[in-house]
Amino acid sequence: MQLGILEIPESFVSRVSYPFSSSPAALGFMEEELAIEGNVGGDLQLWRQGSIITVKGAVSAQVNVQCCRCLVDARVQLDPDITVRCIPGPLDDDSTLTETGEV
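Thresholds applied
Residues numbered from 1 in each chain as written. Predicted model: local features only at pLDDT ≥ 70, side-chain atom pairs only at ≥ 80, totals over all residues. Heavy atoms only, no water. Salt bridge = Lys/Arg side-chain N within 4 Å of Asp/Glu carboxyl O. Helix = DSSP H or I, 4+ residues; strand = E, 2+ residues; numbered from the N terminus. Buried < 20%, exposed > 50% of the residue type's maximum accessible area, 1.4 Å probe, protein only. Pairing = 2+ DSSP bridges. Patch = residues over 30% accessible without salt bridge, like charges linked within 9 Å, V, L, I, M, F, W, Y side chains within 5 Å. Areas by Shrake-Rupley, 256 points an atom, 1.4 Å probe, with all protein chains shown as cover. Phe/Tyr/Trp six-rings, centres within 6.5 Å; stacked < 30°, edge-to-face > 60°.

Visitor: Please explain the pattern of salt bridges as it appears in this structure.
Guide: Side-chain pairs of opposite charge can arise whenever the charged atoms involved come near each other. Throughout the structure, instances matching the rule amount to 2 salt bridges. A salt bridge links arginine 48 to glutamate 10; the shortest N-O distance between them is 3.3 Å. Pair noted here: arginine 48 is in strand E2 (residues 35–49) and glutamate 10 is in the segment before strand E1 (16–22), with a separation of 38 residues, a long-range link. Since its relative accessible area comes to 12%, arginine 48 is described here as buried. In this structure, the salt-bridge partner of glutamate 37 is arginine 75, at a minimum N-O distance of 3.5 Å. Residue glutamate 37 is found in strand E2, and its partner arginine 75 is found in strand E4 (residues 73–78); the two are separated by 38 residues along the sequence. Given the relative accessible area of 52%, arginine 75 is considered exposed.

Visitor: Looking at this structure, how should I read the pairing of E2?
Guide: For a regular strand, the rule is simple: side chains alternate between the two faces of the sheet. Sheet analysis places E1 next to E2, joined by 7 bridges and oriented antiparallel. Along E2, the bridge assignment pairs phenylalanine 20 with glycine 42. When E2 meets strand E3 (residues 52–66), the two strands line up antiparallel, connected through 12 bridges. What sits directly across from leucine 46, in E3, is valine 55.

Visitor: What is the right way to read a nonpolar patch on the surface from this model?
Guide: The grouping of Leu27, Phe29 and Leu34 at the surface amounts to a nonpolar patch, some 230 Å² of accessible area in total. Position of phenylalanine 29 relative to the elements: it lies in the loop between E1 and E2. By relative accessible area, phenylalanine 29 is classed as partly exposed at 36%.

Visitor: Looking at this structure, I do not really get the packing of aromatic side chains. What am I missing?
Guide: Given two aromatic rings, their pairing is described by the distance between the two centres and the angle made by the two planes. One pass over the structure, following the stated rule, counts 1 aromatic pair. Taken together, a centroid distance of 6.0 Å and an interplanar angle of 20° make the contact between tyrosine 18 and phenylalanine 20 stacked. Of the residues examined, phenylalanine 20 reaches a relative accessible area of 16% and is grouped as buried.

Written out as C-alpha coordinates, the structure is:
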(Lines give C-alpha, C1' and ligand atoms only; values in the text may rest on other atoms or scores of the structure.)
Protein backbone atom coordinates (compact mmCIF):
# COMPACT_ATOMS: atom_id res chain seq x y z
CA MET A 1 0.00 0.00 0.00
CA GLN A 2 1.26 3.44 -0.88
CA LEU A 3 -0.16 6.61 0.58
CA GLY A 4 0.29 10.07 -0.80
CA ILE A 5 1.36 12.55 1.85
CA LEU A 6 -1.82 14.56 1.39
CA GLU A 7 -3.94 11.41 1.85
CA ILE A 8 -2.74 11.17 5.46
CA PRO A 9 -5.15 13.05 7.74
CA GLU A 10 -3.86 16.15 9.48
CA SER A 11 -5.21 15.00 12.84
CA PHE A 12 -4.55 12.25 15.38
CA VAL A 13 -8.31 11.75 15.74
CA SER A 14 -8.84 10.89 12.04
CA ARG A 15 -5.58 8.94 11.54
CA VAL A 16 -5.13 6.22 8.90
CA SER A 17 -4.86 2.59 10.03
CA TYR A 18 -2.38 0.47 8.07
CA PRO A 19 -2.38 -3.25 8.97
CA PHE A 20 0.20 -5.22 7.00
CA SER A 21 1.86 -8.59 6.54
CA SER A 22 4.80 -8.67 4.14
CA SER A 23 7.76 -10.82 3.28
CA PRO A 24 11.10 -9.61 4.66
CA ALA A 25 12.38 -9.08 1.10
CA ALA A 26 9.41 -6.84 0.24
CA LEU A 27 10.36 -4.65 3.24
CA GLY A 28 13.98 -4.41 2.15
CA PHE A 29 15.57 -6.90 4.56
CA MET A 30 18.44 -8.91 3.08
CA GLU A 31 18.69 -12.56 4.15
CA GLU A 32 22.32 -12.13 5.19
CA GLU A 33 21.38 -9.21 7.47
CA LEU A 34 18.70 -10.89 9.56
CA ALA A 35 17.20 -14.39 9.48
CA ILE A 36 13.46 -13.63 9.66
CA GLU A 37 11.09 -16.61 9.71
CA GLY A 38 7.88 -16.04 7.79
CA ASN A 39 6.29 -12.65 7.25
CA VAL A 40 6.71 -9.42 9.16
CA GLY A 41 3.34 -8.14 10.34
CA GLY A 42 1.94 -5.20 12.19
CA ASP A 43 -0.64 -2.51 12.58
CA LEU A 44 0.42 1.09 12.12
CA GLN A 45 -1.42 4.39 12.60
CA LEU A 46 -0.39 7.39 10.47
CA TRP A 47 -1.23 11.07 10.85
CA ARG A 48 0.43 14.36 10.03
CA GLN A 49 0.86 17.84 11.39
CA GLY A 50 1.68 20.04 8.41
CA SER A 51 4.55 18.26 6.65
CA ILE A 52 5.53 16.15 9.70
CA ILE A 53 4.21 12.57 9.51
CA THR A 54 3.92 10.39 12.62
CA VAL A 55 3.82 6.59 12.36
CA LYS A 56 2.92 4.68 15.54
CA GLY A 57 2.03 1.06 16.13
CA ALA A 58 3.30 -2.44 16.64
CA VAL A 59 5.38 -4.73 14.43
CA SER A 60 5.98 -8.46 14.90
CA ALA A 61 8.43 -10.96 13.47
CA GLN A 62 10.21 -14.17 14.38
CA VAL A 63 13.98 -14.18 13.94
CA ASN A 64 16.59 -16.90 14.18
CA VAL A 65 19.54 -15.97 16.37
CA GLN A 66 22.42 -17.74 18.02
CA CYS A 67 22.44 -18.00 21.80
CA CYS A 68 25.44 -16.04 23.08
CA ARG A 69 25.90 -18.50 25.97
CA CYS A 70 25.68 -21.92 24.31
CA LEU A 71 25.79 -20.98 20.58
CA VAL A 72 22.67 -23.03 19.81
CA ASP A 73 20.24 -21.59 17.26
CA ALA A 74 17.14 -20.10 18.85
CA ARG A 75 13.96 -18.57 17.44
CA VAL A 76 12.94 -15.31 19.11
CA GLN A 77 9.64 -13.46 18.76
CA LEU A 78 10.06 -9.70 18.35
CA ASP A 79 7.06 -7.46 19.10
CA PRO A 80 8.30 -3.89 19.42
CA ASP A 81 6.02 -0.88 19.69
CA ILE A 82 7.31 1.87 17.42
CA THR A 83 6.87 5.60 17.00
CA VAL A 84 8.58 7.36 14.10
CA ARG A 85 8.31 11.03 13.13
CA CYS A 86 9.22 11.82 9.53
CA ILE A 87 10.43 15.41 9.28
CA PRO A 88 11.41 16.76 5.86
CA GLY A 89 14.88 18.25 5.53
CA PRO A 90 15.54 21.86 4.61
CA LEU A 91 14.87 22.85 1.01
CA ASP A 92 17.49 24.39 -1.25
CA ASP A 93 16.81 27.93 -2.40
CA ASP A 94 15.71 26.69 -5.82
CA SER A 95 13.80 23.63 -4.54
CA THR A 96 10.13 23.16 -3.94
CA LEU A 97 8.51 20.65 -1.67
CA THR A 98 6.90 17.95 -3.81
CA GLU A 99 5.09 14.79 -2.88
CA THR A 100 6.95 11.59 -3.75
CA GLY A 101 3.81 9.54 -3.35
CA GLU A 102 5.09 6.88 -0.97
CA VAL A 103 5.33 6.70 2.80
